[in-house]
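Each chain, written out:
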Amino acid sequence: MKILVIDTATEACSVALEVNGQVYSRFEICPQQQSQRILPMIDEVLKEANLGIQDVDYLGFGRGPGSFTGVRIATGVLQGLALGTGHKVVGISTLAAMAQQAYMQHQCEHVTAAIDARMSEVYFAQFKLEQDVMTLTGIEQVISPLQALEILGQNPSSCGSAVGTGWQAYSDLNMFEGIQQQASILYPDAKYMLVLAKHLIKNGYSSDVEEIEPVYLRDKVTWKKLPGKE
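Anyway, here's the lowdown on the structure attached to this text. (Residues numbered from 1 in each chain as written. Predicted model: local features only at pLDDT ≥ 70, side-chain atom pairs only at ≥ 80, totals over all residues. Heavy atoms only, no water.)

## Examining the overall build of the protein chain
Here is step 1 of the chain: Helix and strand counts for the protein chain stand at 6 helices and 10 strands.
Here is step 2 of the chain: Here the C-alpha atoms of the protein chain give a radius of gyration of 18 Å, agreeing with the 17 Å that 2.2 N^0.38 yields for 230 residues.
Here is step 3 of the chain: Principal-axis analysis of the C-alpha atoms gives the protein chain an extent of 50 × 50 × 30 Å.
Here is step 4 of the chain: Within the span of the protein chain, comprising 230 residues, buried residues form 49% of the whole.
Here is step 5 of the chain: Summarising the internal contacts of the protein chain: among those between residues at least 6 apart in sequence, 65% fall at separations of at least 24.
Here is step 6 of the chain: Element-wise, carbon and sulfur atoms account for 48% of the exposed surface of the protein chain, whose accessible area totals about 11,400 Å².
Here is step 7 of the chain: Considering the protein chain, the positive charge centre built from 17 side chains and the negative charge centre built from 25 side chains are found 4 Å apart. (Helix = DSSP H or I, 4+ residues; strand = E, 2+ residues; numbered from the N terminus. Rg over C-alpha atoms; globule rule 2.2 N^0.38 Å. Buried < 20%, exposed > 50% of the residue type's maximum accessible area, 1.4 Å probe, protein only. Contact = heavy atoms within 4.5 Å. Areas by Shrake-Rupley, 256 points an atom, 1.4 Å probe, with all protein chains shown as cover. Lys, Arg positive; Asp, Glu negative; His and termini not counted. Charge placed at Lys NZ, Arg CZ, Asp CG, Glu CD.)

## As for helix α1 (residues 34-48)
Here is step 1 of the chain: Helix length check: α1 (15 residues) gives 21 Å between terminal C-alpha atoms against 21 Å at 1.5 Å per residue, within 8%.
Here is step 2 of the chain: When α1 is considered as a whole, its buried residues turn out to be Q34, R37, I38, M41, I42, V45 and L46. The buried side chains of α1 occupy one side of the element, clustering within an arc of 160 degrees when seen end-on. Turned more than 90 degrees away from the buried face of α1, the exposed residues are Q36 and K47.
Here is step 3 of the chain: Looking at the buried residues of α1, the elements they touch are β1 (2-7), β2 (12-19), β3 (22-29) and α2 (68-85).
Here is step 4 of the chain: Two residues or fewer after α1 comes N50, characterised by a positive phi angle close to 60 degrees. (Expected span 1.5 Å × (residues − 1). Arc of directions from axis to C-beta.)

## A closer look at helix α6 (residues 193-202)
One turn of the α-helix equals 3.6 residues, which is why residues spaced by three or four share an orientation.
Here is step 1 of the chain: Along α6, the residues that are buried comprise M193, L194, L196, A197 and I201. Buried residues in α6, looked at end-on, bunch into an arc of 160 degrees, giving them a common side.
Here is step 2 of the chain: Within two residues after α6, G204 carries a phi angle of roughly 85 degrees, on the positive side.

## A closer look at the packing of helix α3 (residues 94-106) against α6
Here is step 1 of the chain: Close contact between α3 and α6 brings their axes to 8 Å; oriented N to C, the two are set at 115 degrees. It follows from the interaxial angle that α3 and α6 lie roughly perpendicular. Counted together, T94, A96, A97, Q100 and M104 of α3 and M193, V195 and L196 of α6 form the full contact between these two elements.
Here is step 2 of the chain: Here the residues of the contact of α3 with α6 are counted per class, giving 6 nonpolar, 2 polar and no charged. (Axes fitted to C-alpha atoms, helices over the stretch in contact; angles between N-to-C directions. Parallel < 35°, antiparallel > 145°, perpendicular 65-115°, else oblique. Nonpolar A, V, L, I, M, F, W, Y, C, P; charged D, E, K, R; others polar.)

Structure follows, in structure tokens:
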């Protein structure tokens, strides 16, 4: 199986290609430059593997949550690749990707992920290990740090390790002491989406490109009102 996965949902931009167990990957932190970097990175890993995009079996992308613009970049690039090749596609949670990295790098079996969502909120979810795959417990949601603290306090034993930019962005989150910080895991990385992509494909969750749906979580945008305007 040959799988190409891309992600641009946060300040990071990453690409990973797995070919018969061999992984080729790129990862860069490049705020506001993902649209310029993603296609060259795809080209680099394909050339390194001596493949063309038509040789890949499946395409995957970081479906969010993340910035609206970032999620749209990956979605648009994936649509272009899939429409040109007819490949099946699969969307992978950015929060789950960080949880999977915590397991693969540090053997963490319970992970709480929080990405800074701006506007004093975080994209938040908790995961536990099931058959070497980090699996969502509860739901992915966008909430305030204080709401996240309430969830953490309800079941402290399930909190495990902390990943994502939310812990650094909001000091309130650090009031909860029963969690181990994995400070090196701040952003999703496509390399750790590969395991999740294969799991989803194996269980029948790949689809035609027309059926993919990005995940934003936040369904409203706030802005400062102009004087005299409602």
